[in-house]
Amino acid sequence: MAAAVQPRVVRVLPMSRSSITALATSVFHGPPQRQLHHALIPHGRSGRSSVSGVVATVFGATGFLGRYLVNHLGRMGSQVIIPYRCDTYDIMHLRPMGDLGQIIFLEWNGRDKDSIRRAVEHSNVVINLVGRDWETPNFDFEDVFVKIPQAIAQVSKEAGVERFIHISHLNADIKSSSRYLRNKAVGEKEVREAFPEATIIKPSDIFGREDRFLNYFANMRWFGGVPLMSLGKKTVKQPVYVVDVSKGIVNAIKEPDARGKTFAFVGPNRYLLFDLVQYVFAMAYRPFLPYPLPHFAYQLVARLFEISPFEPWTTRDKVERVHITDMTLPHLPGLEDLGIQATPLELKAIEVLRRHRTYRWLSSEMEEVKPAKTVNF
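Predicted model, so just to flag it, every value in this text is computed and none were measured. (Residues numbered from 1 in each chain as written. Predicted model: local features only at pLDDT ≥ 70, side-chain atom pairs only at ≥ 80, totals over all residues. Heavy atoms only, no water.)

1. Describing the environment of V58
Alright, step 1. Within the element layout of this structure, V58 appears in strand β1 (residues 55-59).
Alright, step 2. V58 sits in the buried class, given a relative accessible area of 0%.
Alright, step 3. Setting aside anything within four residues of it in sequence, one finds V58 in contact with L69, L73, V80, I81, I82, P83, I127 and L129. (Helix = DSSP H or I, 4+ residues; strand = E, 2+ residues; numbered from the N terminus. Buried < 20%, exposed > 50% of the residue type's maximum accessible area, 1.4 Å probe, protein only. Contact = heavy atoms within 4.5 Å.)

2. What to know about the nonpolar core
Alright, step 1. Ranked by internal contacts, the top residues of the largest apolar core, which has 73 residues, are V58, L73, I127, L214, F217 and I249.
Alright, step 2. Top element by residues in this core is helix α8 (residues 273-283). It accounts for 8 residues.
Alright, step 3. Membership of the second largest hydrophobic core comes to 26 residues, among which are W108, V144, Y180 and L181. (Core = buried A, V, L, I, M, F, W, Y, C linked by side-chain atoms within 4.5 Å.)

3. A closer look at the packing of helix α3 (residues 113-120) against helix α4 (residues 141-158)
Alright, step 1. Their axes nearest at 9 Å, the elements α3 and α4 cross at an angle of 55°. In terms of orientation, α3 lies oblique with respect to α4. The element α3 and its partner α4 pack so that their crossing is right-handed. Across from K113, I116, R117 and V120 in α3, the residues of α4 making contact are A151, I152, Q154, V155, S156 and E158.
Alright, step 2. Residue composition of the contact of α3 with α4, grouped by class: 5 nonpolar, 2 polar and 3 charged. (Axes fitted to C-alpha atoms, helices over the stretch in contact; angles between N-to-C directions. Parallel < 35°, antiparallel > 145°, perpendicular 65-115°, else oblique. Left-handed = near helix turned anticlockwise from the far one by under 90°. Nonpolar A, V, L, I, M, F, W, Y, C, P; charged D, E, K, R; others polar.)

4. Concerning the packing of α8 against helix α11 (residues 345-353)
Alright, step 1. At their nearest, the axes of α8 and α11 sit 10 Å apart, and the two run at 55° to each other. Between α8 and α11, the angle is such that the two are oblique. Remark: the crossing between α8 and α11 carries right-handed chirality. Within the contact between the two elements, α8 uses L276, Y279, V280 and M283 and α11 uses L345, E346, A349, I350 and L353.
Alright, step 2. A class-by-class count of the residues in the contact of α8 with α11 yields 8 nonpolar, no polar and 1 charged.

5. Some points on α4
Alright, step 1. Helix length check: α4 (18 residues) gives 25 Å between terminal C-alpha atoms against 26 Å at 1.5 Å per residue, within 8%.
Alright, step 2. In α4, a bend of some 25° at K147 exceeds every other bend along the element, and P149, a proline, comes one to four places later.
Alright, step 3. All of the buried residues along α4 are F141, D143, V144, F145, V146, I148, P149, A151, I152, A153, V155 and S156.
Alright, step 4. Elements in contact with the buried residues of α4: β1, α3, β4 (125-128), β5 (163-167), α5 (179-194) and α10 (316-322).
Alright, step 5. For α4, the N-terminal cap is D140; the gap from its side-chain oxygen to the backbone nitrogen of E142 is 3.2 Å.
Alright, step 6. Note on α4: the residue one or two positions beyond its end, G160, has a positive phi of about 80°. (Expected span 1.5 Å × (residues − 1). Bend = angle between axes of the 7 residues up to and from the residue. Polar contact = N/O pair within 3.5 Å; in protein donor to acceptor, adjacent residues only side chain to side chain.)

6. Things to note about the pattern of salt bridges
Alright, step 1. Using the criterion set out here, one finds 19 salt bridges in the structure.
Alright, step 2. The residue D143 makes a salt bridge to R111 at a minimum N-O spacing of 3.3 Å. Taken together, the residues D143 in helix α4 and R111 in the loop between β3 (103-107) and α3 connect sequence positions 32 residues apart.
Alright, step 3. The exposure class assigned to R111 is exposed, which follows from its relative accessible area of 52%.
Alright, step 4. Taking the shortest distance from any N to any O, the salt bridge between E311 and R212 comes out at 3.5 Å. One end of the pair, E311, is in the loop between α9 (295-306) and α10; the other, R212, is in the loop between β7 (206-207) and α6 (214-218), with 99 residues separating them in the sequence.
Alright, step 5. Here R212 falls in the partly exposed class, since its relative accessible area comes to 46%. (Salt bridge = Lys/Arg side-chain N within 4 Å of Asp/Glu carboxyl O.)

7. Describing the layout of surface pockets
Alright, step 1. In this structure, the largest pocket spans a volume of roughly 1500 Å³.
Alright, step 2. Around the largest pocket, the lining comprises 47 residues; the ones closest to its centre are G63, F64, G131, R132 and R212.
Alright, step 3. The set of elements that each furnish at least two residues to the lining of the largest pocket consists of α2 (64-75), β2 (79-84), α4, α5, α6 and α10.
Alright, step 4. The greatest single-element share of the lining of the largest pocket, amounting to 4 residues, is contributed by α2. (1 Å grid on protein atoms, 1.4 Å probe; cavity = no way out; pocket = protein on both sides within 12 Å on 5 of 7 lines; lining within 4 Å. Points joined across faces, edges and corners; volume = space filled by probe spheres on them.)

What follows is the structure, given as structure tokens:
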């Protein structure tokens, strides 16, 4: 009589998260150069409580663009490491932008490569948003736009970071009259040499609720008018919406072909500076009283603001930047190449400028204001 065949029971033991990570590393990634962290393995449905597989270190996240970028990264389930130098109260608004444990804060020093290495060693994406509108005794434009980005790029390359994204400026030019823009151009070159696969993004002037563009012009009313060199009729601007820039950066992370490329992010319309500022005052329901101010006189006024012990409203370098015409770079890919439709200024200006209205006009609709004239040169 044939022996009865006993069914063979195979027990599957539960695996720890570290075991799953090791298995995924050996099966899908071959011999690893970096230990694969469980935060890099996508799982769950999309949303803040999922894991997108992106662990991003965002330098400069406490600034204007940073809050929008961290929110977009957190919304897709990314883990975000935020190096900071400010008071802890200045980063409180970033805490609820991701799920529990997904927003991590680290103190850092831009001149200390060890602190930079600690911030990027577990990340597969590093984004540099570090910037400053004015120079200080501790950090000049060369420090902020050349030396610190170069150090971040070098350390990221050494740490095996997969994607590095550097934010520059549309008008960055080594021959610019603005020290800010000259150092931006040098910074691009140094980043490209340190991290050849880096993605460089060159946005024009960015507008949004907390900007220093539309708000800057709206606050000119305290001068008893609007001082503009040549009445702003020799300068052309093409501002871009902050949310579009943030989405473009996120899409550049997802796009494999973005490696090693340079993108130019601009808005859909170009405006004469005079017409743009006139529209700003019309939207704010404030009297528009422009008057021409010679270059030397504007520089003198800006110098008085610079010697103030408080945050300067303007500087001599900002006067130069405001009156520089935005470049057109048709040979570079833009927002459309990353699947983003640029938002016209007229649709979002009310979000920025309503706060500059008096109580009488607070609830007036934006359709009552005539759109700014556009130019094609």
